[in-house]
Amino acid sequence: MAKTVVGLFANFGKAESVKQALIEGGLSSQSIEVLANEERGSASSTSSFHAAGKNIGEKISSFFHYLGGGDDKEHAYYAKSVTEGGALVAVTVEDEEADEVAELLEEHGAHNVDESNAAAGRGSLARTSGVADSGELSAIPIVEEHLVVGKREVERGGVRVYSRITERPVEAEVALREEHVVVSRRPVNRAATAADFSNVNGDVIELNETVEEAVVGKTSRVVEEVLVGKESTEHTEAVRDTVRHTEVEVEQIPGTETTTKYDR
């Protein structure tokens, strides 16, 4: 915040010399303005304030209204002093430099006589309320976030199917038949016949024994199938998050009245 310190001097020449001293002390000439009666001296104006076409009283009043300080009585006080030959030196500086500039103006003899003490020669120094520097507007961006929901595929594992041949012992029962040759003798007591003799004449009788053995064979049948595939399902899911929004709060700052300091 910038603040303008105003000092009242006896004449335009004194005000100009004070301005030059302030510049030599490190202040910018663009921050110093001298207001004087055009009939008594040439005003030096380098600030953004303009009051063309007005008399000195109106210019002084407009100047203080521009700064936002003082009242009509105080404006008339300065206007009268400038009309009678005085001059105002207005120095615009940052707020923290205002007290130092005020002391410098006092050291250089800032003075004037108010209406109630016309011959006393008492000094006067006015400090105006702070005013913001003129220039480009500052823009405050209003940012608002919106929730954007998309989809992506994520691998969540799967199934790996192996197939292999295994063996296990089995057992089955089967009935097996066996044939055996039985040779036996039995006693006989009868008369022999011719047939009996013919049978002994080199006849050979053969009987074979047979047995059944288990024969193992295997047959294969498909008894079950394992189906491997994928199926798709859909569901609705609520996505919750927070979004940001810029909120701008405007606070009114009350103005500061102009105060006048008089040297006693």
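So, how was this worked out
The residue count restarts for each chain, going from 1 along the sequence in the order it is written. Totals for whole chains, interfaces and linings use every residue, but because this is a predicted model, local features are given only for residues with pLDDT of at least 70 and side-chain atom pairs only at 80 or more, for both listing and counting. The side-chain numbers reported here are obtained from all heavy atoms of the structure, hydrogens and water having been left aside. The numbering of helices and of strands both runs from the N terminus, where a helix is a DSSP run of H or I of at least 4 residues and a strand a run of E of at least 2. Exposure is judged per residue with a 1.4 Å probe applied to protein chains only, and the accessible area is read against the type maximum: over 50% gives exposed, under 20% gives buried, and values in between give partly exposed. Residue contacts are counted whenever heavy atoms from the two residues lie within 4.5 Å of one another. In this description, accessible areas are obtained by the Shrake-Rupley approach with a 1.4 Å probe, and a residue is regarded as covered only by the protein chains that are shown. Just to be clear on terms, a salt bridge is a Lys or Arg side-chain nitrogen sitting within 4 Å of an Asp or Glu carboxyl oxygen. Each residue after the first adds 1.5 Å to the expected span of a helix. Like-charged residues within 9 Å of one another, or nonpolar side chains (Val, Leu, Ile, Met, Phe, Trp, Tyr) within 5 Å, are grouped into patches, provided each residue has over 30% relative accessible area and no salt bridge. Here the positive residues are Lys and Arg and the negative ones are Asp and Glu; neither His nor the chain ends is included. Charge positions come from single atoms, namely NZ of Lys, CZ of Arg, CG of Asp or CD of Glu. Strands are treated as partners if at least two bridges between them are detected by DSSP. The set of buried Ala, Val, Leu, Ile, Met, Phe, Trp, Tyr and Cys residues whose side-chain atoms join them within 4.5 Å is what this entry labels a nonpolar core. It is the directions from the helix axis to the C-beta atoms that the arc portrays.

## Some details on the overall build of the protein chain
Along its length, the protein chain carries 5 helices and 5 strands. Mapped in sequence order, the helices and strands of the protein chain form the string β-α-β-α-α-β-α-β-α-β. In the protein chain, which comprises 264 residues, the share counted as buried stands at 23%. The long-range fraction of contacts in the protein chain, counting pairs at least 24 apart against all pairs at least 6 apart in sequence, stands at 77%. Carbon and sulfur atoms make up 48% of the accessible area of the protein chain, which totals about 22100 Å².

## Some thoughts on the pattern of salt bridges
Counting across every chain of the model gives 2 salt bridges. E145 is the partner of R244 in a salt bridge, and the nearest nitrogen-oxygen pair spans 2.8 Å. In this pair, R244 is assigned in the loop between α5 (194-199) and β5 (259-262) and E145 in the loop between β4 (124-127) and α5, connecting sequence segments 99 residues apart.

## Things to note about helix α3 (residues 72-83)
Along its 12 residues, α3 runs 16 Å from first to last C-alpha, staying within 8% of the 16 Å computed at 1.5 Å per residue. Note on α3: the residue one or two positions beyond its end, G85, has a positive phi of about 120°.

## Some remarks on the side chain of S31
Its place among the elements puts S31 in the loop between α1 (12-24) and β2 (32-36). Dropping the residues within four chain positions of it, S31 is found in contact with A90, V91 and T92.

## Here's the deal with a negative patch on the surface
Taken together, the side chains of E94, E96, E97, E100, E103 and E107 make up a negatively charged region of the molecular surface. With 3 residues, the single largest contributor to the negative patch is helix α4 (residues 98-107). In this fold, E107 is placed in helix α4.

## Regarding a nonpolar patch on the surface
On the surface, I140, I142, V248 and V250 cluster together to form a nonpolar patch covering roughly 410 Å² of accessible area. Mapped onto the elements of the fold, V250 is located in the loop between α5 and β5. Judged by its relative accessible area of 70%, V250 is exposed.

## Notes on the pairing of strand β1 (residues 2-9)
Burial analysis of β1 places 7 of its 8 residues in the buried class, which makes it a mostly covered element. One ladder, built from 8 bridges, connects β1 with strand β3 (residues 87-94); its direction is antiparallel. In the sheet register, T4 faces β3, and the bridge partner there is T92.

## Concerning the pairing of β3
For β3, a buried count of 6 out of 8 residues is recorded, marking the element as mostly surrounded by other parts of the structure. Pairing between β2 and β3: 5 bridges, direction antiparallel. Residue pairing across strands places L35 opposite L88, the latter belonging to β3.

## A word on the environment of V181
Note that V181 resides in the loop between β4 and α5. On the basis of relative accessibility, which here comes to 30%, the residue V181 falls in the partly exposed class. In this structure the C-alpha to C-alpha distance between V181 and E206, which are 25 residues apart in sequence, comes to 9.6 Å. Contact partners of V181, with chain neighbours within four places excluded, come to L207, N208 and E209.

## A closer look at the nonpolar core
With 18 residues, the main nonpolar core has F9, L22, V89, V91 and L105 as its most contacted residues. Secondary-structure elements contributing two or more residues to this core are β1, α1, β2, β3 and α4. V91 has contacts with K3, T4, V5, L22, L27, S31, I32 and V101, leaving out every residue within four places of it along the chain. In this structure, V6, Y78, V82 and A90 belong to the second largest nonpolar core, which totals 13 residues.

## Concerning the environment of H108
Relative to the helices and strands, H108 resides in the loop between α4 and β4. In the structure, H108 is positioned 86 residues away from L22 in sequence and 9.7 Å away in space, judged by C-alpha atoms.

## A closer look at α4
Within the sequence span of α4, burial applies to A98, V101, A102 and L105. Summarising the axial view, the buried residues of α4 lie within an arc of 105°, below the 170-degree limit, and thus occupy one face. Residues of α4 that are exposed and point over 90 degrees away from its buried face: E100 and E107. Of the residues flanking the end of α4, it is G109, one or two places downstream, whose phi is positive at about 90°.

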